[in-house]
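Listed here are the chains, written in short residue letters.
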Amino acid sequence: MELVAGSYEQVLFGFTVQRGPARSGQRETWTPVADFTHHGHTASLSAMAANSRYVVTGSKDETIHIYDMKKKVEHGALVHHSGTVTCLRFYGSRHLISGAEDGLICVWDAKKWECLKSIKAHRGHVTFLSIHPSGKLALSVGTDKTLRTWNLVEGRSAFIKNIKQNAHIVEWSPSGEKYVVVVLNKVDVYHLDTASVSGTITSGKRVSSVTFLSDSVLAVAGDEEVVRFFDCDSLVCLCEFRAHENRVKDMVSFEVPDHHVLVTASNDGFIKMWTLTQDKKDPPSLLCEVNTGARLTCLGVWLDRATKEKASIPPATEPCPDQPKMIKKESGDIIQEETSEPSSEKSDLTGDSKQPTKGNSPVPAKKRKMANMLEKKRKKKL
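Residues numbered from 1 in each chain as written. Predicted model: local features only at pLDDT ≥ 70, side-chain atom pairs only at ≥ 80, totals over all residues. Heavy atoms only, no water.

Visitor: Whenever I open this one, the overall build of the protein confuses me. Can you help?
Guide: Looking only at helices and strands, the protein features one helix and 30 strands. Residues counted as buried form 55% of the 382 residues belonging to the protein. In the form shown here, the protein has an accessible surface area of approximately 17,800 Å², with 49% of it arising from carbon and sulfur atoms. (Helix = DSSP H or I, 4+ residues; strand = E, 2+ residues; numbered from the N terminus. Buried < 20%, exposed > 50% of the residue type's maximum accessible area, 1.4 Å probe, protein only. Areas by Shrake-Rupley, 256 points an atom, 1.4 Å probe, with all protein chains shown as cover.)

Put into structure tokens, the structure is as follows:
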């Protein structure tokens, strides 16, 4: 298990969590141990996602960096967006979806790291996106004051809902029967069958992060030190607790045997792990904490285990017509392929393009060096 956090200071932090056996009369011990720091981005980190193999980070430098967590190496970088990367989401082990301030949503093959499809999703920035548990639908919100539903099976926009203000978070519940949309300090709860607001949760200050603890319980954090648990049906605050000394920037929840864990990251530099009780009316207990000394912006948890293979988004037949620039790092060499700017031409998300094009394949460093040596010999003979 690895805690991974990004910061305003452009640094990525990694901490391995070591679990010690419970002694008589005491509970199990959890200890975060510093594993790595990496300064790969040239601007503050803004988004993060993790699957069973990789952690990916997005930044204000407009790039997405890929980290192979099993080998503990940087796998390369994707350069396709022309604005801050605002959101990253894995679906299963095969697909990554990214959104950015350029209004684009990109679907990536997470094996070959090719862009399968790039679509102009919003007239303004894409501020957040969330994938339905089935993998058939996705929701996105943007600064054009719209909530958009995407049919990932047919690869098209399914529904557009105008909202009065710019939303900055959207999140599906674990069952996919409801979702929440966050606008400033308000969390609107929607039901999928009616696509209408069933209730609103109001926080004291701007909401910066939400995560579902169950299908009916939502954790809400914002520009304050407190985290609150709400019942999405009754809209009642079940409990609240002081998590940090500064505003909470991001939260992640997951389950392992004997523990339902909530992880929080804050501007105060701390990452904290909490174990939740079965009754969410009781505040959680602190498992462990670590001080990074940086102003944290985004958070991820990498679990070193084989995830259940979900039904993937329908595979693409070709990569997107406008292939991204791909920076692949091998043996210290940087190989860069330049391509044209992203097109705003309407196309589906499944990759069924009418204009098939050959995708980029990064050249291995050894072959590149051999080619250079042969070229030098040829010139000497001449």
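Visitor: What's the story with the sheet that holds strand β18 (residues 186-191) in this structure? I'm lost.
Guide: Two orientations exist for strands paired in a sheet by backbone hydrogen bonds: parallel and antiparallel. Within the open sheet, the four strands sit side by side as β16-β17-β18-β19. Their pairing is antiparallel. Only two strands of the sheet have a single neighbouring strand rather than two, namely β16 (169-172) and β19 (196-202). Mean inter-strand twist for the sheet, computed between neighbouring axes without regard to direction, equals 20°. Sheet analysis places β16 next to strand β17 (residues 178-183), joined by four bridges and oriented antiparallel. Along β17, the bridge assignment pairs I169 with V182. (Pairing = 2+ DSSP bridges. Axes fitted to C-alpha atoms, helices over the stretch in contact; angles between N-to-C directions.)

Visitor: Could you clarify how one ought to interpret the side chain of S130 in this entry?
Guide: Secondary-structure assignment places S130 in strand β12 (residues 126-131). Using a relative accessible area of 1% as the deciding quantity, one classes S130 as buried. A polar atom in the side chain of S130 sits 3.2 Å from the backbone nitrogen of W172. Those residues in contact with S130 that lie beyond four places of it in its chain are R89, L137, A138, L139, V170, E171 and W172. (Polar contact = N/O pair within 3.5 Å; in protein donor to acceptor, adjacent residues only side chain to side chain. Contact = heavy atoms within 4.5 Å.)

Visitor: Got a minute to help me understand the nonpolar core in this structure?
Guide: As a rule of thumb, nonpolar side chains are buried together in soluble globular proteins. In terms of nonpolar packing, the biggest core is built from 25 residues, with V181, V210 and L218 touching the most fellow members. Going through the elements one at a time, β13 (137-142), β16, β17, β18, β20 (207-212) and β21 (217-222) are the ones with two or more residues in this core. Once residues lying within four places of it in the same chain are set aside, the contact partners of V210 are I169, E171, V180, V182, L218, A219, V220 and M251. M1, V11, V17 and V290 belong to the second largest nonpolar core, which has 24 residues in total. (Core = buried A, V, L, I, M, F, W, Y, C linked by side-chain atoms within 4.5 Å.)

Visitor: Even after reading the chapter, I still don't get the sheet that holds strand β8 (residues 85-91), so can you show me in this structure?
Guide: Pairing is antiparallel in the open sheet, where four strands are placed in the order β8-β9-β10-β11. Two strands close off the open sheet at either side, each with one partner strand: β8 and β11 (114-120). Ignoring strand direction, the axes of neighbouring strands in this sheet form an average angle of 20°.

Visitor: Honestly, the side chain of T63 in this entry has me stumped. Any pointers?
Guide: The residue T63 is located in the loop between β5 (54-59) and β6 (64-68) in this model. You can call T63 buried: its relative accessible area is 12%. In this structure the side chain of T63 is engaged in a polar contact, spanning 3.3 Å, whose partner is the side chain of H41. Here H65 takes part through its side chain, which lies 3.3 Å from a polar atom of the side chain of T63. When sequence neighbours within four positions are dropped, the list of residues in contact with T63 reads H41, T57, G58, L78, V79 and V85.

Visitor: Would you take a moment to explain the pattern of salt bridges for this structure?
Guide: With the rule as written, the count across this model stands at 15 salt bridges. A salt bridge links R148 to D144, with the shortest nitrogen-to-oxygen separation between them at 3.3 Å. With relative accessibility at 10%, the residue R148 sits in the buried group. Residue D144 is classed as buried on the basis of its relative accessible area, which comes to 16%. D215 is the salt-bridge partner of K178, the closest N and O atoms lying 3.8 Å from each other. Here K178, found in strand β17, pairs with D215, found in the loop between β20 and β21; they are 37 residues apart in sequence, far enough to count as distant. Taking relative accessible area as the criterion, K178 reaches 5% and is therefore assigned buried. On the accessibility criterion, D215 (23% relative accessible area) is partly exposed. Here the salt bridges share partners, and the residues they tie into one network are E2, D35 and K72. (Salt bridge = Lys/Arg side-chain N within 4 Å of Asp/Glu carboxyl O.)

Visitor: How do you make sense of the packing of aromatic side chains when you look at a structure like this?
Guide: Here the distance between the centres and the angle between the planes together describe a pair of aromatic rings. What the rule picks out here adds up to five aromatic pairs. Ring centres of Y54 and W113 lie 5.2 Å apart, and the angle between their planes is 85°; on these two criteria the pair is classed as edge-to-face. In this pair, Y54 is assigned in strand β5 and W113 in the loop between β10 (104-109) and β11, connecting sequence segments 59 residues apart. For the pair shown, Y54 and W113 are each scored as buried. (Phe/Tyr/Trp six-rings, centres within 6.5 Å; stacked < 30°, edge-to-face > 60°.)

Visitor: Can you walk me through the pairing of strand β4 (residues 45-50) in this structure?
Guide: Look at any regular strand and the pattern is simple: side chains alternate between the two faces of the sheet. Two strands pair when backbone bridges link them, and β4 and β5 are joined in this way by five bridges, in the antiparallel orientation. Residue pairing across strands places M48 opposite T57, the latter belonging to β5. The antiparallel pairing of β4 with β5 creates a hairpin that spans three residues between the two strands.

Visitor: Teacher, can you tell me more about the pairing of β11 here?
Guide: Across the seven residues that make up β11, a large majority, six, are buried. Note: β10 against β11, six bridges, orientation antiparallel. Of the residues in β11, the one forming a bridge with C106 is S118.

Visitor: When you look at the environment of E240 in this model, what are you seeing that I'm missing?
Guide: Among the secondary structure elements, E240 is positioned in strand β23 (residues 237-242). Sequence-wise, E240 and F230 are ten residues apart; in three dimensions their C-alpha atoms are separated by 9.1 Å. Excluding its chain neighbours within four sequence positions, the residues that come into contact with E240 are V226, V227 and R228. Reaching out from E240, the side chain makes a polar contact with the side chain of R228 at a distance of 3.2 Å.

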